[in-house]
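# Summary of the model geometry
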Amino acid sequence: MTRLDYPALGEVIFDSVLPNGLRIITVRKKGFRKAFAMYATRYGGADRRFQLDGEWIDTPWGVAHYLEHKLFDMPEDNNALADLSARGADPNAFTSNGMTAYHVTCTDDFYENLRSLLTFVSTPYFTPESVAKEQGIIGQEILMGENAPGYVAYFELMKALYAHHPVRDNEAGTLESIAQITPEILYHCHKVFYHPSNMVLVCVCDADPEQIAAIAGEVLPSEPGAVPVRDYGEPETPFPLERRVEKAMAVSAPLAYMGIKLTPAKDGKALLRQQLTAELALDYLIGPSSALYAELYDKGLLGRDFGTDVDSSAGTLTVLLGGESKDPDAVMAALTDRVGLIARRGIDPASFERCRRAGYGRALDRLDRFYSYACMLSQGAFDGWGVGDLFELLKEITPEEAADFLCEAVTPDRLALSVVRPER
Amino acid sequence: MEYYREELFPFVSLTALQTDKFKSGCLSATLLTQLDRETAAEYAVLPYVLRRGTTSLPDMRAFSARLDGLYGAVIEPRVRKLGEIQGLGFISRFSEDRYLPGNPGVLEEVIRLTADLWLSPNTRGGLFQSAYVDSERQKLLERLAAMRNDRQGWALRRLVENMCAFEPYAVSAYGSEEEAEAIHYVKLTKDYRTLLASSPMEFFYCGSQPGPRVADMLREALMLLPRGEIDLELGTDVRLNAVEAQPRFFSEEMNLTQGNLAVGFRLGECMEDPDEAAIRVFNGLYGEDLNSKLFLNVREKQSLCYDVISSVDILKGIMTVYAGIDLDKYQPALDEILHQLDLIREGEITEEELTAVRNFTAAKLRSVPDDCLALERFYLRQTVQGLDASPLEMAALAESVTRDRLVEIARGVETDAVFFLKGEDEE
């Protein structure tokens, strides 16, 4: 077990890998009663085709998410949600395209709750009845997404950006695709993807890291397993499949999401550097203190809901920008115009330094928010970087790197626009 | 965690919690006024107009650049509804100095900027900049229109508007589009001055500095805060019973493929002398907890929905239930929601259920001190009720709530109104 001290951040992190291949990251949070544990597998909605014993296997769209729902069921009519919450713990889970994560928040009995979390996630128990019963619940979850404008705009954008990578589809599937899911498929995918070698356990709490590792060692299988090979199709080009897509829904004003597909670096730190460079550059370009934001805000073309994000998922790296706008095309044109100006004049070092400071404060703030912190550490574990790298890189990235990113990526031929507009 | 409370000026108070455990501190400044249909929209726009610029940082860009320089400190407008009181102001999050290079004094700056937002707006000839007011009026109208885009929020909003049609509670924290249309910079400036001089204000701080020191800094920064005759009539009218003998039904069509059902209740007799811990446990048992009657039956047993949840506004004595359901499952879902409440009234609460919900409610309260923003919400609501119980004290109370108490609460609850946001007729 390695102890990592970050005195400037006031953080102490314990990092270890069990003989079965499980990576355990524990952030020691002195003085907190709240404790948080996240047990995540590198298996998400995009992992639909994979290789096992030399054979390629195709699974229905929506299995990872379905599995997330059904894993809470335990033999003998028990349910992990009910058991954990009966002790006052708050269990939950999410599935993205790149991972499935199960987590529990509690204020008492942390070790016991951790044991329950690891036990239920590693105990598949499915019956034809229980699998069939979930269709109604997940069906309503899918409908909720289909009626939520932000969700629709996002996945329309992903479909416009990506020609075939499965991140273009939502993780939950459709009413038709989930109807094909059987207990056998769920057992199979659990076996392939829920081996500790393919998972990470992140704890943010005032608890003993040795005891956390001991519990994981007791509960989980002792032998390492094979990490499956996934097929996401041919590499994507840097250009979107479609430049502009539009959909009509019951909304009050057009909702516009813009995106850019990046080619992610293979090395973890290089990938993080790419991600942070893009975040700083976007903040410089159109963050609240930028000239462009002020100009578009004054013209009524964007509002306080406008935001940017850079998302690493299932071997993809995607830049997202968006919010409500009465004229999405004008916002898009203004963005690329401004990048043209930056290409000619360069980046103002003083403004860039302010963005860097703001980025530092935002990263620091995240260390107080257990859920968000654990999500970041899980993603970092899968991508190959740690919290120390994040704060180091934030100091290192240069204005020139940011300028290069903007000039190369934020261009009319790289950007896609997805608009959800009001029905006529 | 050291609790400190002090009245800084007449009816201007600070609640401060000193702790070393967070990387970021929190400061909020909330002006309290009566929620009223006529004024809600105009008052709601005020923090947004003030946030456009101060005499020293005259526009949003300058203000944001200053905040970036303070390591990404955030000072955002915050408009909220506390029962029938409208809370207007700003909430700030900022890094603690000890994690920043060169001890930059971020808290002092945040206090000064917050005071400037209230006291030194960017004006011309003593009036707000008309361009700022026009722009923020437009943004407010867009925000009000956008409420429809969040289907769950909209169903609950329309439920409350219909259910409390003759009470100020029907008004949203941001008012209505009709009143927002009429916002004008001259009247807004005048009303701002009156409001500032006549309203109680609540400051909240959580961070590494001692309460008395924060109080001193605030007193100095707010020296010029005008104090006139203070409106002491603030409060919420609690209605114990449903408006009519039978529940009222309302619906609205939208082009959707999922139905959004919202049910509204009056908490009834328990509101005569509200026992907040017991009401929290009751809400957990009925529909908030993962072991709740609604979650286990409407969702897990009957697979009628993905989302089903109850919530209580103790300031007003209202409970609401929301479920996202198939368009044709309105009746079975509603029947089951009401049936589960009947079961509690009949005393059908097992020992396991009771222990589980007490644990769940207590744990939720015990985790409040580990989250700055949760503390801010908790203490502001306590203050508005004139109470000062800590989350831990309330957790202890929640652990001792009895079955009889829960049955008694349930028996007093009255179903008042049902709202269904349904799909459009195909014909």
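This is a predicted model, so every value here is computed, not measured. (Residues numbered from 1 in each chain as written. Chains lettered and ligands numbered in written order. Predicted model: local features only at pLDDT ≥ 70, side-chain atom pairs only at ≥ 80, totals over all residues. Heavy atoms only, no water.)

The secondary structure content of chain A amounts to 15 helices and 17 strands. Computed over the C-alpha atoms, the radius of gyration of chain A is 22 Å, within 12% of the 22 Å expected from 2.2 N^0.38 for a compact globule of 424 residues. Put simply, chain A has 424 residues, and 60% of those count as buried. Taking the intrachain contacts of chain A between residues at least 6 apart in sequence as the baseline, contacts between residues at least 24 apart amount to 79%. Taken as a whole, chain A presents about 16100 Å² of accessible surface, with 52% of it coming from carbon and sulfur. (Helix = DSSP H or I, 4+ residues; strand = E, 2+ residues; numbered from the N terminus. Rg over C-alpha atoms; globule rule 2.2 N^0.38 Å. Buried < 20%, exposed > 50% of the residue type's maximum accessible area, 1.4 Å probe, protein only. Contact = heavy atoms within 4.5 Å. Areas by Shrake-Rupley, 256 points an atom, 1.4 Å probe, with all protein chains shown as cover.)

All right, on to the overall build of chain B then. Per the secondary structure count, chain B includes 15 helices and 13 strands. The C-alpha atoms of chain B give a radius of gyration of 23 Å, which matches the 22 Å a tight globule of 427 residues would have. C-alpha extents for chain B along the principal axes are approximately 60 × 55 × 40 Å. Across the 427 residues in chain B, those meeting the buried criterion constitute 61%. Long-range pairs, those at least 24 residues apart, make up 81% of the contacts in chain B between residues at least 6 apart in sequence. For chain B, the accessible surface area stands at approximately 16600 Å², while carbon and sulfur atoms represent 48% of it.

What follows deals with the interface of chain B and chain A. The interface of chain B with chain A comprises 57 residues on the first partner and 60 residues on the second. Taking both partners together, chain B and chain A bury about 5100 Å²; carbon and sulfur atoms supply 50% of that area. Ranking the residues of chain B by area buried against chain A places K23, R61 and Y306 of chain B at the top, with a combined share of 13%. Linking chain B to chain A there are six salt bridges. One salt bridge in this structure joins D298 of chain A and R52 of chain B, with 2.7 Å as the shortest N-O distance. At the boundary of chain B and chain A, one finds 34 residue pairs in polar contact (both at pLDDT 80 or more). Put simply, the parts of the chain that give the side of chain B that touches chain A at least two residues each are helix 2 (60-69), strand 4 (74-82), strand 5 (85-95), helix 4 (130-146), helix 10 (293-301), strand 11 (305-313), strand 12 (318-325) and helix 12 (351-366) of chain B. Its residues assigned to classes, the side of chain B that touches chain A comprises 21 nonpolar, 16 polar and 20 charged. (Buried area = accessible area lost by both parts, 1.4 Å probe. Salt bridge = Lys/Arg side-chain N within 4 Å of Asp/Glu carboxyl O. Polar contact = N/O pair within 3.5 Å; in protein donor to acceptor, adjacent residues only side chain to side chain. Nonpolar A, V, L, I, M, F, W, Y, C, P; charged D, E, K, R; others polar.)

What follows concerns the packing of aromatic side chains. Enumeration according to the criterion identifies 27 aromatic pairs over all chains in this entry. Each ring, one from F32 of chain A and one from F370 of chain A, has its centre 5.2 Å from the other, and the planes form 55°; the classification is tilted. Of this pair, F32 of chain A sits in the loop between strand 3 (23-28) and strand 4 (35-41) while F370 of chain A sits in helix 13 (residues 370-383); the two residues are 338 residues apart in sequence, bridging distant segments of the chain. For the ring pair F36 of chain A and Y371 of chain A, a centre distance of 6.2 Å and an interplane angle of 85° mean the geometry is edge-to-face. Residue F36 of chain A is found in strand 4, and its partner Y371 of chain A is found in helix 13; the two are separated by 335 residues along the sequence. On the basis of relative accessibility, which here comes to 40%, the residue Y371 of chain A falls in the partly exposed class. One aromatic cluster in this structure is built from Y43, F50, F72, Y102, F120, F193 and Y194 of chain A. Sitting over the ring of Y162 of chain A, K261 of chain A keeps its end group 5.4 Å from the ring centre. Cation over ring: K81 of chain B sits above Y169 of chain B, and NZ or CZ is 4.0 Å from the ring centre. (Phe/Tyr/Trp six-rings, centres within 6.5 Å; stacked < 30°, edge-to-face > 60°. Lys NZ or Arg CZ within 6 Å of the ring centre and 35° of its normal.)

This part covers the nonpolar core. Counting residues in hydrophobic clusters, the biggest one holds 193 residues, and the most contacted among them are L261 and F282 of chain B. Those residues in contact with F282 of chain B that lie beyond four places of it in its chain are L267, M319, L341, I344, L406, I409, A410 and V413 of chain B. (Core = buried A, V, L, I, M, F, W, Y, C linked by side-chain atoms within 4.5 Å.)

Residues and elements named next belong to chain A. Here strand 2 (residues 11-17) runs beside strand 3; their pairing, made up of five bridges, is antiparallel. The partner of I13 across the bridge, within strand 3, is V27. Linking strand 2 to strand 3, which pair antiparallel, is a turn of five residues; within it G21 sits at a positive phi near 95°. Where strand 3 and strand 11 (residues 199-205) come together, six bridges link them in parallel fashion. (Pairing = 2+ DSSP bridges.)

Of the residues making up helix 15 (residues 403-412) of chain B, those classed as buried are L406, V407, I409, A410 and G412 of chain B. Where helix 15 of chain B is buried, its residues meet strand 10 (259-266), helix 9 (276-288), helix 11 (330-345), helix 12 and strand 13 (414-422) of chain B.

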